[in-house]
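Now for the letters of each chain:
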Protein chains: 4
Amino acid sequence: MNRSSTSPAERLVPVTPRGQRTRLKVLQAAERVFGEKGYERASIADITREAEVALGTFYVYFPDKLSVFVEVVDELGARLRRLISEAVAGCESRLEVEREGLRTFFQFVGENRNLYRIVRQAEFVDEACYRRYYDRFARGYVSGLERAMDAGEVRRMDPEALAYCLMGLSDFLGMRWVLWQGEGGLEHVLDTAMDFIRHGMDAHPAEAGSGNKKGPRKPRAPRSKTR
Amino acid sequence: MNRSSTSPAERLVPVTPRGQRTRLKVLQAAERVFGEKGYERASIADITREAEVALGTFYVYFPDKLSVFVEVVDELGARLRRLISEAVAGCESRLEVEREGLRTFFQFVGENRNLYRIVRQAEFVDEACYRRYYDRFARGYVSGLERAMDAGEVRRMDPEALAYCLMGLSDFLGMRWVLWQGEGGLEHVLDTAMDFIRHGMDAHPAEAGSGNKKGPRKPRAPRSKTR
Amino acid sequence: MNRSSTSPAERLVPVTPRGQRTRLKVLQAAERVFGEKGYERASIADITREAEVALGTFYVYFPDKLSVFVEVVDELGARLRRLISEAVAGCESRLEVEREGLRTFFQFVGENRNLYRIVRQAEFVDEACYRRYYDRFARGYVSGLERAMDAGEVRRMDPEALAYCLMGLSDFLGMRWVLWQGEGGLEHVLDTAMDFIRHGMDAHPAEAGSGNKKGPRKPRAPRSKTR
Amino acid sequence: MNRSSTSPAERLVPVTPRGQRTRLKVLQAAERVFGEKGYERASIADITREAEVALGTFYVYFPDKLSVFVEVVDELGARLRRLISEAVAGCESRLEVEREGLRTFFQFVGENRNLYRIVRQAEFVDEACYRRYYDRFARGYVSGLERAMDAGEVRRMDPEALAYCLMGLSDFLGMRWVLWQGEGGLEHVLDTAMDFIRHGMDAHPAEAGSGNKKGPRKPRAPRSKTR
DNA sequence: CATGAATGAGATTTCATTCAT
DNA sequence: AATGAATGAAATCTCATTCAT
């Protein structure tokens, strides 16, 4: 109600190295705990237990539960974006960029299985931080796509919509085959995704746009069932 | 021990019409409340207040909080799937199916803005119910795609991976342009998505596969079975 | 921070007699506990323990600690005012009113030794409720005094200032001789107070108004410095 | 055990000038903070922040929170008593003493609006220190009044009771017209108070004691309006 | 002298669930 | 069928105080 005059963030930044270490321990513990239990089910006590500090220590470095969470999400997003941009730095074509980006993302998801749980929780916990997460990704994506379009590497289309298509696609594949551990191996899924990304789903790209309509449509043989 | 044959959670299904009405009121109230506040923040009291029944009444029809939630999620998924399958029933081509499905999904999201909040919460609340939600979607998707592949309408590729690509893409577009209300209008985004889905992002679909630069690239070869 | 949409006072008023009894038990326990320990030192647990109900029961009837406190203060003030006005109902002169009022007040203080602790705490806990307490007293006092002035029973002067003089005087006497239990007995103090109230402190009321100024004023020696 | 002769609360009195300055800064900060937030709501951190020293520094000069508070109260009382006794030093009559004392008190209250909050909190925090505050005031008052009674300036009555009457009266007037800022101006209230103090509230002090009853009641002229 | 990190007991408040009516 | 009172475990957050530097 009041908490009035007291400055909001009394002492957030530790000045001594000891304090810095402690803060980091708490932050990392928070990432683990939020990932395992989700925001609501994770208690501050869980976090400090995991960090091996006293309960009160948490409040020396963070004003409340929400703050650590937001910091965890922002930091996680920044880490992933940095990793991806490093991974695609040497790519020559846009397709290569997509494949490398996807691969890096999958690998990150595999190594940080909490990513989904944490980011998705953000939707309810602090929508601003949730949007920020995707906005920042999209921003990077859009500028890369625009460059590729200018270079004639990618067909002209709304780059933001395209970016969200690609992000959604990655997200769901990661969920299904990295998180839920589908059989079939990642590389295979990666191939499929790239195939989709490259051609789209039209069977006859050459006469693209033929889309649905008639057309003698070469029978192209029975190519038996997949599974 | 005594109560002979009755299952542990007795009194779930109301017998009188009055009871049925009450149960439904509670269930619908739960959907609204979960959508607005999220699972954890929604209290049983919130739900019964919204349903305009007494607190105790809740436990007449549901054994616990989790149960209503699961029922809400399952019901929501079923509703959406039914709607989509009705919408695409008359479509002639697979592309038409995709467009109609997407459009229906967007419309549903617009009218049930809680959908995302509810479904995504499920990830932490009851993972089984969360997976079930996507599994069932995917199942329908896969069989539709396989049929289209058999008919030569869609290029052969792993249908489940493709299904998840398409679901992810829809999910993110819905989030971005229906939930967050981007400018540009839905139809435009729909067009972009369909464009992407149709051609893929290759600038020169005619010589598809050229991907990056030149190279005659083996003429499409046997591309063996997917798993 | 949020508590947003939920109505503030979910269920304050009990509908069943059982609930009414419980609420009253809690309210009375709160009065005792606040009186003994003061607002800040009194915990909700203290109150419910005293009331012999479970901790959570408190929150069934009161939204928070502050609310009970305010209710206790208001109720206490109302009780005292009612008592006093009943006590002076039959008085014939204003002086009699004063004496009876004072006596009733002292008696009340003796029987409700928490009164001071509770009311004075209010100054820090909820200033509005503190002022309200004295305002209401003063209001009654003022109208009584005005009537007495109109009747020529009391010398004309600012009635509100006079009311506060009399209230302050009562308050401090009650504190010193009822609460702190001075020797000399209450009646004696009452007499002194009434003597003061009646004549004022001037030794020679006959030549009242001589105030300080001149005046033959029996030389009565050098009247040395006061402290 | 070891530290030989040092009293339990060592390190209370600073030896260096620097230490003395620091101690004073903390003490004054404490007065401000206690005045603004009250004892319980004021934290040591608030005090040290206000004093612009580190948290630990507090415990260099004070053994605990209670100690500073008591020192603040005692010091405040001493300051006020000193001020008043200086102000009335030159007064010739007891009435003049009263008027000057009251005026000085009001002025002090206006300049130290925390006075009430601090002193009254003392009632719950440390009753001894609270009583001491009023006892000391009363002591000085009593001896002054006794002298005035001996000199025939003031009618004989229980001097301690009279002292508490006058203190209560001052206290409430100060609260109402200095703290709560009534209209009408201080001087006017001062006049009313002095009028009351001088004559008492009997309309016909000359025949004092007639109290209520009839009696020819000397018309005593137009008794002009007070406001 | 001065600092600020660390502690953990304790306070308020919420809420799923049970039960008597 | 429906009600609403009652419960108590658990969670968040505060803060006086200690201690190593």
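Everything numeric here is computed off the predicted structure, so don't read it as measured data. (Residues numbered from 1 in each chain as written. Chains lettered and ligands numbered in written order. Predicted model: local features only at pLDDT ≥ 70, side-chain atom pairs only at ≥ 80, totals over all residues. Heavy atoms only, no water.)

1. Considering the protein's contact with DNA strand E
Part 1 of the argument: Of all residues adjacent to DNA strand E, which total 38 residues, the nearest are Thr22(A), Thr57(A), Tyr61(A), Thr16(D) and Tyr61(D).
Part 2 of the argument: Counting only the atoms of DNA strand E that lie within 4 Å of the protein, the sugar and phosphate share comes to 76%.
Part 3 of the argument: A distance of 3.5 Å is found between a phosphate oxygen of DNA strand E and a backbone nitrogen or oxygen belonging to Ala42(C).
Part 4 of the argument: A distance of 3.0 Å separates a phosphate oxygen of DNA strand E from a polar atom in the backbone of Ala54(D).
Part 5 of the argument: Counting residues per element, the ones that place at least two in the surface near DNA strand E are helix 1 (17–41) and helix 3 (55–61) of chain A, helix 3 (55–61) of chain B, helix 3 (55–61) of chain C together with helix 1 (17–37) and helix 3 (55–61) of chain D.
Part 6 of the argument: With 5 residues, helix 3 of chain D is the largest single contributor of residues to the surface near DNA strand E. (Near = heavy atom within 4 Å. Polar contact = N/O pair within 3.5 Å; in protein donor to acceptor, adjacent residues only side chain to side chain. Helix = DSSP H or I, 4+ residues; strand = E, 2+ residues; numbered from the N terminus.)

2. Describing the UniProt feature "DNA-binding region" (unreviewed entry) in chain A
Part 1 of the argument: In the UniProt entry, the feature "DNA-binding region" (unreviewed entry) is given for residues 43–62 of chain A.
Part 2 of the argument: Within residues 43–62 of chain A, the helical portion is 75% and the strand portion 0%, while the C-alpha atoms at the span's ends are 14 Å from each other. (UniProt positions renumbered as here; feature names shortened; annotations may be inferred.)

3. Describing helix 1 of chain D
Residues and elements named next belong to chain D.
Part 1 of the argument: Taking 1.5 Å as the rise per residue, helix 1 with 21 residues should run 30 Å; its terminal C-alpha atoms sit 30 Å apart, in good agreement.
Part 2 of the argument: Gly19, Thr22, Arg23, Val26, Leu27, Ala29, Ala30, Glu31, Val33, Phe34, Gly35 and Lys37 are the residues of helix 1 that are buried.
Part 3 of the argument: Residues of helix 1 that are buried make contact with helix 2 (44–51), helix 3, helix 4 (65–87) and helix 6 (114–125).
Part 4 of the argument: Residue glycine 38 follows helix 1 closely and has a positive phi angle near 85°. (Expected span 1.5 Å × (residues − 1). Buried < 20%, exposed > 50% of the residue type's maximum accessible area, 1.4 Å probe, protein only. Contact = heavy atoms within 4.5 Å.)

4. Things to note about the domain arrangement of chain A
Residues and elements named next belong to chain A.
Part 1 of the argument: Domain annotation for chain A reports domain 1 (12–63) and domain 2 (65–199).
Part 2 of the argument: Taking the mean C-alpha position of each, domain 1 and domain 2 sit 28 Å from one another.
Part 3 of the argument: Taken over both partners, the interface formed by domain 1 and domain 2 buries close to 1,500 Å², and the fraction arising from carbon and sulfur atoms is 63%.
Part 4 of the argument: Contact with domain 2 buries area across many residues of domain 1, yet Glu31, Phe34 and Tyr39 alone supply 45% of it, more than any other trio.
Part 5 of the argument: Remark: the boundary between domain 1 and domain 2 carries 2 salt bridges.
Part 6 of the argument: Notably, a salt bridge pairs arginine 23 with glutamate 71, separated by 2.9 Å at the nearest N-O pair. (Domains from an automatic or database assignment. Buried area = accessible area lost by both parts, 1.4 Å probe. Salt bridge = Lys/Arg side-chain N within 4 Å of Asp/Glu carboxyl O.)

5. Topic: the pattern of salt bridges
Part 1 of the argument: A full pass over the atoms with the stated rule returns 76 salt bridges over all chains.
Part 2 of the argument: Arg99(C) is the partner of Asp191(C) in a salt bridge, and the nearest nitrogen-oxygen pair spans 2.7 Å. In this pair, Asp191(C) is assigned in helix 9 (residues 186–199) and Arg99(C) in helix 5 (residues 94–111), connecting sequence segments 92 residues apart.
Part 3 of the argument: On the accessibility criterion, Asp191(C) (39% relative accessible area) is partly exposed.
Part 4 of the argument: We classify Arg99(C) as partly exposed; its relative accessible area is 22%.
Part 5 of the argument: For Arg120(C), the salt bridge identified is with Glu123(D), shortest N-O distance 3.7 Å. Here Arg120(C), found in helix 6 (residues 114–125), pairs with Glu123(D), found in helix 6, and the two come from separate chains. With respect to class, Arg120(C) is no different from Glu123(D); both count as buried.
Part 6 of the argument: Through salt bridges that share partners, Arg99(A), Glu100(A), Arg103(A), Glu187(A) and Asp191(A) make up one connected network.

6. Observations regarding the UniProt feature "domain: HTH tetR-type" (unreviewed entry) in chain A
Part 1 of the argument: The sites that carry the UniProt feature "domain: HTH tetR-type" (unreviewed entry) are, in the present numbering, residues 20–80 of chain A.
Part 2 of the argument: Within the segment residues 20–80 of chain A, helix and strand shares are 87% and 0% respectively, and the terminal C-alpha atoms sit 23 Å apart.

7. Looking at the confidence of the model for chain A
All names here are of chain A.
Part 1 of the argument: On average, residues of chain A carry a pLDDT of 83, and 81% of them reach 70 or more.
Part 2 of the argument: The low-confidence segment residues 1–9, where pLDDT is below 50, has 6 contacts with residues more than four positions distant or belonging to other chains.
Part 3 of the argument: Confidence drops under a pLDDT of 50 for residues 207–227, and excluding neighbours within four residues, the segment shows 34 contacts in the predicted structure. (pLDDT = per-residue confidence, 0-100.)

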